[in-house]
Amino acid sequence: MKLTFQGTTSHAGTCPTLYSTDQGTYVVQGYKVTDPEALAALRERGLPDHETAVEVPAALLDFVPKAAP
């Protein structure tokens, strides 16, 4: 999988960060969700044990490339 940097909201340039892949997907680097209540809600919605969730600021989504018209 080849990652292409799309942007970051970090002043240090490390995290949170958005990458696009050569597979037509995105990889998000963010803060791992550890709050028990949030994790319980995610599990109720079907989050399997082998997956995790990360939290990123909404501003990070501004770096998602817009689809060509």
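Please refer to the structure placed before this passage.
In this report, the structure presented in the accompanying data block is examined. Values in this document were obtained by computation on a predicted structure and should not be read as measured data.

1. Digging into the overall build of the protein
And then number 1: Within the protein one finds 1 helix and 5 strands.
And then number 2: At 14 Å, the protein has a C-alpha radius of gyration far larger than the 11 Å of a compact globule built from 69 residues.
And then number 3: Dimensions of the protein, computed from the C-alpha atoms along their principal axes, are close to 35 × 30 × 25 Å.
And then number 4: For the protein, the accessible area works out to roughly 5300 Å², and carbon and sulfur atoms hold 56% of it.
And then number 5: For the protein, the centre of its 5 positive side-chain charges and the centre of its 8 negative side-chain charges are spaced 7 Å apart.

2. As for the environment of Ala41
And then number 1: Within the secondary structure, Ala41 is located in helix H1 (residues 36-44).
And then number 2: You can call Ala41 partly exposed: its relative accessible area is 39%.
And then number 3: Residues Ala41 and Ala12, spaced 29 residues apart in sequence, show a C-alpha to C-alpha distance of 32 Å.

3. Re the pattern of salt bridges
And then number 1: Inspection of every chain in the model, using the stated rule, returns 1 salt bridge.
And then number 2: Of the charged contacts in the structure, one is a salt bridge between Arg43 and Asp49, with a shortest N-O distance of 3.8 Å.

4. Structural notes on the pairing of strand E2 (residues 17-21)
And then number 1: The element E2 is largely enclosed, with a buried count of 4 among its 5 residues.
And then number 2: The hairpin formed by E2 and strand E3 (residues 26-29) contains 4 residues between the paired strands, and Gly24 there has a positive phi angle of roughly 75°.

5. Some thoughts on the sheet that holds strand E1 (residues 3-8)
And then number 1: Here 3 strands make up an open sheet; going across it, the order is E1-E2-E3 and the pairing antiparallel. Looking at which strands have only one partner, the edges of the open sheet turn out to be E1 and E3. On average, each strand axis in the sheet is inclined to that of its neighbour by 25°, with strand direction left out of account.
And then number 2: Here 4 bridges tie E2 to E3, and the two strands are oriented antiparallel to one another. Bridge pairing in E3 places Ser20 opposite Tyr26.

6. Brief notes about the side chain of Ser10
And then number 1: In this structure, Ser10 sits in the loop between E1 and E2.
And then number 2: A polar atom in the side chain of Ser10 sits 3.0 Å from the backbone nitrogen of Ala12.
And then number 3: Looking at Ser10, its side chain comes within polar contact range of the main-chain oxygen of Cys15, at 3.4 Å.
And then number 4: Not counting the four nearest positions on each side in its chain, Ser10 is found in contact with Cys15 and Pro16.

Conventions and cut-offs
- Residues numbered from 1 in each chain as written.
- Predicted model: local features only at pLDDT ≥ 70, side-chain atom pairs only at ≥ 80, totals over all residues.
- Heavy atoms only, no water.
- Helix = DSSP H or I, 4+ residues; strand = E, 2+ residues; numbered from the N terminus.
- Rg over C-alpha atoms; globule rule 2.2 N^0.38 Å.
- Areas by Shrake-Rupley, 256 points an atom, 1.4 Å probe, with all protein chains shown as cover.
- Lys, Arg positive; Asp, Glu negative; His and termini not counted.
- Charge placed at Lys NZ, Arg CZ, Asp CG, Glu CD.
- Buried < 20%, exposed > 50% of the residue type's maximum accessible area, 1.4 Å probe, protein only.
- Salt bridge = Lys/Arg side-chain N within 4 Å of Asp/Glu carboxyl O.
- Pairing = 2+ DSSP bridges.
- Axes fitted to C-alpha atoms, helices over the stretch in contact; angles between N-to-C directions.
- Polar contact = N/O pair within 3.5 Å; in protein donor to acceptor, adjacent residues only side chain to side chain.
- Contact = heavy atoms within 4.5 Å.

Any functional reading would require information beyond the geometric quantities listed.
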